[in-house]
Amino acid sequence: MTDAVPAAAPQTVPVDIPYSFARGHGVVIAPDGEGWLATLREGSDPAVLIEVKRYLAAPLRVVTASIADFDRLLSDHYAVDASAAAMAGSLDGGDIDLIASGMPSAEDLLDSADDAPAIRLINAIIAEAVRQGVSDIHIEPYESGLVVRMRADGVLREHLRMPPHVAPVVVSRIKVMARLDIAERRVPQDGRIALTLAGKAIDVRVSTLPSRAGERVVMRILDKDTAGIDFDVLGLSGEADRILREALAEPNGIILVTGPTGSGKTTTLYAALKQLNDGQRNILTVEDPVEYAVEGVGQTQVNAKVGLDFAAGLRAILRQDPDVVMIGEIRDRETADIAVQASLTGHLVLSTVHTNDAVGAITRLKDLKVEPFLLASTLRAVLAQRLVRKLCPTCREPVQADNGIAAMLGLDIGTVIWRPKGCDECGHTGFKGRIGVFEAIKVDETVRRYIYAGGDESMIAKHAFLKAPTLASAARAMVAKGITTPEEAIRIARREDVDA
Ligand SMILES: [Zn+2]
């Protein structure tokens, strides 16, 4: 992890003016034939051009731009530059604290001539996060300081705390790298940064949110190369595994995975695609965003800016002679309708819906006005999924379940369960990695009749879970096996706590 280069070819600018100068004086320069083109922000003092001309010692052509146009140009121009700077800067990711302590202490860092320390810091944070398998980086400004927290294995932990004056420069630098409007601090924005770290393509989704003490930033790290997901590591077993495999063996139909954000739905869909990806099927996806690159699968990313939403993307890929289509999420009636039509015309359709449990997905599709008879004839299987933290096998400790735990989990009092302790292996957290917990509904003759007749959820659930485990019972089984803790299992069992 010693270098980072932009995924796009870097634009070669032999000479450039520092970002802070460009922003402060409202001027951006770019090569222009033999000389240079200076774009001056509307309302800026043209006297700055004298300074720029002296600096460049070459012919200078000048145009002016509106404030909005200028800000866009500034972001675009320096986004490339920032990534290039990352390439030049040391990026061992090793000593964030050292880099953080080297941040200039000037009251307004934006006016400092050199923002390399901020770029180095941001790159080091991203590199460190990738190395540790972090999914999200939170940059949170408070009156007392700038806090950097990272989420790994679903748990958020503080990583770094810096003086408050560092916040604006770090945040605006991230915004430049993500090509956001740096002048706009009152509305939420989202963008992305594409990086290559040690030859690995890393996509960082950036979102900002105005808060009391400045803009908060969350960076989600999408490691595009982590496509080697197999069913075995998902935690899919027994009935749920059999139901999914059977549905995948069908030539057509709809297979849904449900669960809240961060429950691993996408990972399950990728594992399913991998299973189907035998070189004899045309597999196409529409995703938001493309989280993993899968060799042999045509992946398209939704792009709201050009009107490419899930529905439009799905319509387009259906014209590309697919056998299997995967839609990131069904969240509107149009997408639901096209998914049903695709299934009826002989395609296998995989998607997710945002509901708490498997039976809720059926209700959700009915709410989206899918006709019960169409739903009954196209839906093959619904999986609901959660992730629980896995106990560190090195240091977990056996204890006997007391009254309360036993009652909550339906175990006998005195049953051996396991507790987290913490050791060097698990970074003293007691946990290591996560595993999926599943429930699955197979749409058999009986369930089909219930759906067709508009039957209520409880009847479907009652029939479906006669033999197959529910999320709660699957989680209990993991506690009994010492895979996870009662607390993790209870979190899943208490569905009212899970936001849909
Ligand atoms: Zn341990």
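Residues numbered from 1 in each chain as written. Predicted model: local features only at pLDDT ≥ 70, side-chain atom pairs only at ≥ 80, totals over all residues. Heavy atoms only, no water.

Caption draft 1: Examining the overall build of the protein chain more closely. Secondary structure assignment for the protein chain yields 18 helices and 19 strands. The 500 residues of the protein chain split such that 50% are buried. Counted over contacts in the protein chain with a minimum sequence separation of 6, partners at least 24 positions apart contribute 65%. (Helix = DSSP H or I, 4+ residues; strand = E, 2+ residues; numbered from the N terminus. Buried < 20%, exposed > 50% of the residue type's maximum accessible area, 1.4 Å probe, protein only. Contact = heavy atoms within 4.5 Å.)

Caption draft 2: Layout of unusual backbone geometry. Here the bond from aspartate 288 into proline 289 is cis, since omega is -5°, no more than 30 degrees from zero. Along the chain, proline 289 falls in the loop between strand E12 (283-287) and strand E13 (298-301). Phi at aspartate 321 takes a positive value of approximately 50°, unusual for a residue other than glycine. Along the chain, aspartate 321 falls in the loop between helix H10 (310-318) and strand E14 (324-327).

Caption draft 3: Layout of the coordination of the zinc ion. In the first shell of the zinc ion, the protein supplies Cys392 (SG), Cys395 (SG), Cys423 (SG) and Cys426 (SG), at 2.3 Å from the metal. Seen from the zinc ion, its four donor atoms lie at angles of 106 to 112°, and the figure they make is tetrahedral. Along the chain, the residues donating to the zinc ion fall in the pattern C-x2-C-x27-C-x2-C. Taken as a pair, cysteine 395 in the loop between strand E16 (379-391) and strand E17 (397-400) and cysteine 426 in the loop between strand E18 (416-419) and strand E19 (431-442) lie far apart in primary sequence, 31 residues in all. Here cysteine 395 and cysteine 426 have matching classes, each one buried. (Donors = N, O, S within 2.8 Å, 3.2 Å for Na, K, Ca; no water. Tetrahedral: all angles 85-135°; square planar, octahedral: opposite > 155°, others 65-115°.)

Caption draft 4: The arrangement of the sheet that holds E16 in detail. Ordered by their spatial adjacency, seven strands build an open sheet running E13-E12-E14-E15-E11-E16-E19, and the pairing between neighbours is mixed. In the strand order of this sheet, the two ends are held by E13 and E19, each with one partner. Pairwise comparison of adjacent strand axes, ignoring direction, gives a mean angle of 20° for this sheet. One ladder, built from four bridges, connects E14 with strand E15 (residues 348-353); its direction is parallel. Bridging across to E15, valine 324 finds its partner in leucine 348. Along the sheet, H10 contacts E12, E13 and E14; its crossing angle with E12, the most-contacted strand, is approximately 165°. (Pairing = 2+ DSSP bridges. Axes fitted to C-alpha atoms, helices over the stretch in contact; angles between N-to-C directions.)

Caption draft 5: Representation of the pairing of E15. For E15, the tally of buried residues reaches six of six residues, placing the bulk of the element in the interior. Residues Leu348, Leu350 and Thr352 point to one face of E15 and Val349, Ser351 and Val353 to the other, with burial holding for every one of them. Bridge count for strand E11 (residues 253-258) against E15 is six bridges, and the pairing is parallel. Bridging from a neighbouring strand, leucine 256 pairs with serine 351 of E15. Crossover E14 to E15 through helix H11 (residues 333-344) is right-handed. (Right-handed = clockwise from strand over helix to strand, strands pointing away.)

Caption draft 6: Region of interest: the packing of helix H5 (residues 116-131) against helix H6 (residues 166-177). Packing of H5 against H6 leaves a shortest axis separation of 9 Å and a crossing angle of 75°. In terms of orientation, H5 lies roughly perpendicular with respect to H6. Contacts between H5 and H6 pair Ala118, Ile119, Leu121, Ile122 and Asn123 from the former with Val169, Val170, Arg173, Ile174 and Met177 from the latter. Grouping the constituent residues of the contact of H5 with H6 by class yields eight nonpolar, one polar and one charged. (Parallel < 35°, antiparallel > 145°, perpendicular 65-115°, else oblique. Nonpolar A, V, L, I, M, F, W, Y, C, P; charged D, E, K, R; others polar.)

Caption draft 7: Inspection of the pattern of salt bridges at higher detail. For the coordinates displayed, the defined rule picks out 26 salt bridges. With a shortest N-O distance of 2.9 Å, arginine 212 and glutamate 143 are connected by a salt bridge. With arginine 212 in the loop between strand E9 (200-211) and strand E10 (214-223) and glutamate 143 in the loop between strand E5 (136-142) and strand E6 (145-152), this residue pair connects regions lying 69 residues apart in the sequence. A single network of salt bridges, built from pairs that share partners, joins Arg205, Asp288, Glu329 and Arg331. (Salt bridge = Lys/Arg side-chain N within 4 Å of Asp/Glu carboxyl O.)

Caption draft 8: Representation of H6. Taking 1.5 Å per residue, twelve residues should reach 16 Å; H6 reaches 17 Å between its end C-alpha atoms and fits that length. Counting buried positions along H6 yields eleven of twelve residues, so the element is predominantly enclosed. Of all the residues in H6, the buried ones are Val166, Ala167, Val169, Val170, Val171, Ser172, Arg173, Ile174, Lys175, Val176 and Met177. One or two residues past the end of H6 sits arginine 179, with phi positive at roughly 55°. (Expected span 1.5 Å × (residues − 1).)

Caption draft 9: Local environment of the packing of aromatic side chains. Scanning the entire structure with this criterion turns up zero aromatic pairs. Its guanidinium or amino end placed over the ring of phenylalanine 431, arginine 389 lies 3.9 Å from that ring's centre, counting from NZ or CZ. Taking NZ or CZ as reference, arginine 396 lies 3.9 Å from the ring centre of tryptophan 418, over its face. (Phe/Tyr/Trp six-rings, centres within 6.5 Å; stacked < 30°, edge-to-face > 60°. Lys NZ or Arg CZ within 6 Å of the ring centre and 35° of its normal.)

Caption draft 10: Geometry of the confidence of the model for the protein chain. Overall, the prediction assigns the protein chain a mean pLDDT of 83, with 86% of residues at 70 or greater. Low pLDDT, under 50, characterises residues 105-113; the predicted model gives this stretch 14 contacts beyond four residues in sequence or across chains. (pLDDT = per-residue confidence, 0-100.)

Caption draft 11: Broad picture of the nonpolar core. Core analysis: the biggest nonpolar cluster contains 57 residues, and Leu256, Ile330, Leu365, Leu379, Val437, Ile441 and Ile451 have the highest contact counts within it. Here leucine 256 is in contact with Ile330, Ser351, Val353, Ala361, Leu365, Leu379, Ala381, Val382 and Leu383, once residues within four sequence places are set aside. Membership of the second largest hydrophobic core comes to 34 residues, among which are Ile122, Val166, Ala167 and Val170. (Core = buried A, V, L, I, M, F, W, Y, C linked by side-chain atoms within 4.5 Å.)

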